[in-house]
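Here is what each chain is made of, one letter per residue.
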Amino acid sequence: MTDLLALRPAEDCRWDCVALGEVMLRLDPGEGRIRTARSFQVWEGGGEYNVARGLRKTFGMRTSVVTALPRNEMGALAEDLILQGGVDVSNILWREADGVSRNTRMGLNFTERGFGVRGALGASDRANSAASQMRPDEVDWDALFGGEGVRWLHTGGIFAALSESTAEMALAAIRAAKRHGVMVSYDLNYRASLWSSHPDPDAARRVNREIAGLVDVLVGDEYAWASCLGVETGEVRADPCDSGPFDRLVQRVARDFRNVKVFAATLRDPVSASVNRWGAVLWADGRRHETPAREIAVLDRVGGGDGFVSGLAWAFLTGLGPQAAVDYGTAHGALAMTTPGDNAMTSLAEVRALVEGKGAAAVR
């Protein structure tokens, strides 16, 4: 694991982690349904951004986000929510809006939590968003990664699938990060709604394969590998929390992606919308590390996987190693699912207590 742990010293960098991705406004009807709602609570969220926010709010690390927002009231609301999350906004690209959202707009994500036999539901309204129009040449990557200094870059398949230009932007950012010795994590994060509407899914898969050939940490189960990268898995899990198919996939593909130092996946079995079996597995340096799945109560499942990546990145950034990475990632993801919104409302002390096996007794 010496290669993975050869992170840039914190004192030489302005940022511990920078995330590249779309930040959306999440409209949450609480216990109700989207179709009958009379009010919504608003959160900010995005698969890549959530990792930077978790690293800042739970783990106290210095983070920034590269994204784009429209210069209107909705963009201002998103910026305010990002600031409340403690994530730096100096790398946001602002788009002049025409007043009716023809030329650019704020992406929206309507999200139901689900309950019992009624599963969670997400309905995105994000076409032509500011982030989907981002281009590789709009950011001075060498100034960010080299001049300011970044230890870890996180991006993912959601951003890469938004458009052809965002796929190219993700690739440009990763190449620049590698030039400056920045560790790169990539969460495949397959979303059927994005891929079904993509103008050229085959081109996106080619870019995803190129990205996978560059990154250090690759997150995603065998289903994501098949959908995003076109890797033939040939296996279906009888038990969603059985990591066997993923283990065998890693052993096969590690020869083709020798650059990847860590393969990781969450293990989730939704017994109901309110109870999930939840765990994770991680391969590093040819060795397997696992946090066995157990039943957890779920209030809001969205963001659990992003919380996992936050905990994983923090463990590596602080030199704790792969077993701590899977343990802290699993615990942080579990706690993220106990509160509304995409992100955890927790502390490092609470995450550590869960890792150490302490129960849910009241703290007085």
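Just so you know, these numbers come straight off a predicted model, no measurement behind them. Residue positions are counted from 1 within each chain, in the order its sequence is given. In view of the model being predicted, local features appear only for residues whose pLDDT reaches at least 70, and side-chain atom pairs are presented and counted only at 80 or more, with totals across whole chains, interfaces and linings using the full set of residues. In computing side-chain properties, one takes all heavy atoms of the structure into account and sets aside hydrogens as well as water.

Considering the overall build of the protein chain
The helix and strand inventory of the protein chain stands at 13 helices and 13 strands. Radius of gyration means the value over C-alpha atoms here, while the globule rule gives 2.2 Å times the residue count to the 0.38 power. Relative to the globule expectation of 21 Å for 364 residues, the C-alpha radius of gyration of the protein chain, 19 Å, shows essentially globular dimensions. Overall size of the protein chain, expressed as C-alpha extent along the three principal axes, is 50 × 50 × 45 Å. To sort residues, take the accessible area from a 1.4 Å probe on protein chains only and compare it with the maximum for the residue type: under 20% means buried, over 50% means exposed, and anything in between is partly exposed. For the protein chain, with 364 residues in total, the buried portion stands at 56%. Note on contacts: a residue pair is in contact if any heavy atoms of the two residues lie within 4.5 Å. If you take every contact in the protein chain between residues at least 6 apart in sequence, the share linking residues at least 24 apart comes to 71%. Counting every atom, the protein chain has about 15,100 Å² of accessible surface; 50% of that belongs to carbon and sulfur. The charge count includes Lys and Arg as positive and Asp and Glu as negative, but it does not include His or the ends of the chains. Charge placement uses NZ in Lys and CZ in Arg. For Asp and Glu, CG and CD serve respectively. Averaging the coordinates of the 41 positive side-chain charges in the protein chain and doing the same for the 47 negative ones gives two points 2 Å apart. The numbering of helices and of strands both runs from the N terminus, where a helix is a DSSP run of H or I of at least 4 residues and a strand a run of E of at least 2. Note that accessible areas follow from Shrake-Rupley with a 1.4 Å probe, and for residues the cover is restricted to the protein chains shown.

Things to note about the nonpolar core
Among the nonpolar cores identified, the biggest contains 57 residues, and Trp141, Leu153 and Trp225 are the most heavily contacted of them. Ranked by the residues each element gives to this core, the list is headed by helix H6 (residues 164–179), at eight residues. If near-sequence neighbours (up to four positions away) are discounted, Trp225 is found in contact with Leu188, Leu218, Gly220, Gly230, Val231, Phe246, Leu249, Val253, Phe257 and Phe263. Joining through side-chain atoms within 4.5 Å is the link that ties buried Ala, Val, Leu, Ile, Met, Phe, Trp, Tyr and Cys residues into a set, and such a set is a nonpolar core. Counting residues in hydrophobic clusters, the runner-up holds 35 residues, among them Val51, Met183, Ala315 and Ala325.

Brief notes about helix H3 (residues 73–84)
By this rule, a helix spans an expected 1.5 Å times one less than how many residues it contains. Compared with an ideal rise of 1.5 Å per residue, which puts 12 residues at 16 Å, H3 spans 17 Å between its outermost C-alpha atoms and is within 8% of the ideal. Listed as buried for H3 are Gly75, Ala78, Leu81 and Ile82. When H3 is viewed along its axis, its buried side chains cluster within an angular range of 120° and face the same direction. Looking at the buried side of H3, the elements it contacts are strand E2 (24–28), strand E3 (41–45), helix H2 (49–57), strand E4 (63–71) and strand E5 (92–96). Polar contact criterion, stated in full: a pair of N or O atoms within 3.5 Å, where within protein one must be able to donate a hydrogen and the other to accept it, and residues adjacent in sequence count only if both atoms are side-chain atoms. Near the N-terminus of H3, the side chain that reaches the backbone nitrogen of Met74, with its oxygen 3.1 Å away, is that of Asn72. This arc describes the spread of directions from the helix axis toward the C-beta atoms.

Some remarks on the pattern of salt bridges
For this analysis, a salt bridge means a side-chain nitrogen from Lys or Arg found within 4 Å of a carboxyl oxygen belonging to Asp or Glu. All chains considered together, the criterion is met by 24 salt bridges. Between Arg33 and Glu112 there is a salt bridge, and its shortest N-O distance comes to 2.7 Å. Separated by 79 residues along the polypeptide, Arg33 in the loop between E2 and E3 and Glu112 in strand E6 (residues 108–112) bring together distant segments of the chain. Linking Arg53 and Glu44 is a salt bridge whose minimum nitrogen-to-oxygen distance equals 2.9 Å. Overall, the relative accessible area of 15% leaves Arg53 in the buried class. In this structure Glu44 comes out as buried when scored by relative accessible area, which is 5%. What you see here is one network of salt bridges that share partners, running through Arg26, Asp28, Arg113, Asp300 and Asp342.

Thoughts on unusual backbone geometry
In this structure, Asn189 is a non-glycine residue whose phi angle is positive, near 45°. As for its placement among the helices and strands, Asn189 is situated in the loop between strand E9 (183–187) and helix H7 (192–197). Owing to a relative accessible area of 15%, Asn189 belongs among the buried residues under this scheme. One non-glycine residue, Asp285, lies in the positive phi region at around 55°.

Considering the packing of helix H4 (residues 141–149) against H6
Two quantities define a packed helix pair, namely the angle between the axes and the distance from one axis to the other. Fitted lines through C-alpha atoms serve as axes, helices being fitted only where they are in contact, and the angles separating the N-to-C directions of these axes extend from 0 to 180 degrees. As a packed pair, H4 and H6 sit with axes 9 Å apart at the nearest point and diverge in direction by 30°. Put simply, H4 runs roughly parallel to H6. Considering the relative orientation of H4 and H6, their crossing is right-handed. Along the contact surface, H4 presents Trp141, Asp142 and Phe145, while H6 presents Met169, Ala172, Ala173, Ala176, Ala177 and Arg179. Residues are grouped as follows: Ala, Val, Leu, Ile, Met, Phe, Trp, Tyr, Cys and Pro are nonpolar; Asp, Glu, Lys and Arg are charged; every other residue, Gly included, is polar. Residues belonging to the contact of H4 with H6 are distributed by class as follows: seven nonpolar, no polar and two charged. Small angles under 35 degrees read as roughly parallel and large ones over 145 as roughly antiparallel, with 65 to 115 read as roughly perpendicular and the rest as oblique. Each crossing gets its hand from how the near helix is turned against the far one by less than a right angle, where anticlockwise is left-handed and clockwise is right-handed.

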